[in-house]
Amino acid sequence: FNAGPSQIYTIGMMDLAKLILPHLLPRLDVSPDARTMLDLGGSHGLYSIELLKRHAGLTATIADLPAVLRTTQIFVEQCALRDRITLFPCDMTKAEFRPEETDIVLAFNIIHGLSSEANATLFQSIASTLRPGSPVYILDQLDDDRASGVARLLPLMMGLNLLNEIGGNVYTLKHIEAWCGNAGLTKVRRMRLRLPGVSLLRAEKGG
């Protein structure tokens, strides 16, 4: 298809996701009883697609901007998962999701593009849609004082770029813990991920 700027960006993000997936998938614990997943800012949809291939009982809703989801639809149809993936065009910082009907939420590569206030609101929405005891996984570039070398340089460079272009930022683990705590998301923990400059965290809905 003829790719515009939005499509080119989405395809580029999918190529990056292909590099991350082998490290990421073994870290995502999907309960055998899980039936519904919400992929926030799901873009290319590759994370949802790969998880659905591995978990036959799982369905997914991918929430992203309408222009992005036009490209996502092509990938979903190519993978023959149209009956198990719902595309939800929205501004995820303002969208309302069904209360306590979601078994797992993916929030991958989105918090760096939002203000602290928008992230606080987003985590409230995540908590409201999760069933009690269900997890949210957060993948992003964190500003980590413990890191050094490339692992610290990459998120800082990304933060400068985001600040210049869209007003985004790179946050710390303490920021995420605060957003989660205020939203009623507990047991925030960092998961080992062998990728420089990329962090994976897990929290869950209390209850």
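Residues numbered from 1 in each chain as written. Predicted model: local features only at pLDDT ≥ 70, side-chain atom pairs only at ≥ 80, totals over all residues. Heavy atoms only, no water.

Novice: Lay out the pairing of strand β1 (residues 36-40) in plain terms, naming residues and giving numbers.
Specialist: Of all the five residues making up β1, four are buried; the element is thus mostly covered by neighbouring parts of the structure. Relative to strand β2 (residues 59-64), β1 runs parallel, the two being bridged by five bridges. Note that in β2 the partner of D39 across the bridge is I62. Crossover connection from β1 via helix α2 (residues 46-54) to parallel β2: handedness right-handed. As paired elements, β1 and strand β4 (residues 104-108) share four bridges and run parallel to each other. In the sheet register, M37 faces β4, and the bridge partner there is I104. (Buried < 20%, exposed > 50% of the residue type's maximum accessible area, 1.4 Å probe, protein only. Helix = DSSP H or I, 4+ residues; strand = E, 2+ residues; numbered from the N terminus. Pairing = 2+ DSSP bridges. Right-handed = clockwise from strand over helix to strand, strands pointing away.)

Novice: Tell me about the environment of I110, residues and numbers included.
Specialist: Within the secondary structure, I110 sits in the loop between β4 and α4 (116-129). Exposure remark for I110: the relative accessible area of 7% places this residue in the buried category. Along the chain, I110 and G41 lie 69 residues apart, while their C-alpha atoms are 6.5 Å from each other. Contacts of I110, omitting those with residues within four sequence positions, involve L40, G41, M92, L122 and D140. (Contact = heavy atoms within 4.5 Å.)

Novice: Outline the side chain of D39, listing residues and values.
Specialist: Relative to the helices and strands, D39 is located in strand β1. R54 provides the closest opposite charge to the buried, salt-bridge-free D39, at an N-O distance of 13 Å. Looking at D39, its side chain comes within polar contact range of the side chain of S48, at 2.8 Å. Dropping the residues within four chain positions of it, D39 is found in contact with Y47, S48, T61, I62, A63 and L106. (Lys, Arg positive; Asp, Glu negative; His and termini not counted. Salt bridge = Lys/Arg side-chain N within 4 Å of Asp/Glu carboxyl O. Polar contact = N/O pair within 3.5 Å; in protein donor to acceptor, adjacent residues only side chain to side chain.)

Novice: Please set out the sheet that holds strand β6 (residues 185-191) residue by residue, giving values where relevant.
Specialist: Adjacent strands of a sheet pair through backbone hydrogen bonds, lying either parallel or antiparallel. With mixed pairing, seven strands are arranged side by side in an open sheet as β3-β2-β1-β4-β5-β7-β6. Looking at which strands have only one partner, the edges of the open sheet turn out to be β3 (85-89) and β6. The sheet shows a mean angle of 20° between the axes of neighbouring strands, direction not considered. As paired elements, strand β5 (residues 135-140) and strand β7 (residues 199-205) share six bridges and run antiparallel to each other. Counted as the bridge partner of I138 is L201 from β7. (Axes fitted to C-alpha atoms, helices over the stretch in contact; angles between N-to-C directions.)

Novice: Give me the lowdown on the nonpolar core, citing residues and values where you can.
Specialist: By size, the foremost hydrophobic cluster in this structure holds 33 residues, and its most contacted members are Y47, F108, L139 and L200. Counting residues per element, the ones that place at least two in this core are α1 (5-24), α2, β2, α3 (66-78), β4 and β5. Those residues within four positions of Y47 in sequence are excluded, and the remaining contacts are A17, I20, L21, L24, D39, L106, F108, N109 and L139. Membership of the second largest hydrophobic core comes to 29 residues, among which are A63, F97, I111 and I126. (Core = buried A, V, L, I, M, F, W, Y, C linked by side-chain atoms within 4.5 Å.)

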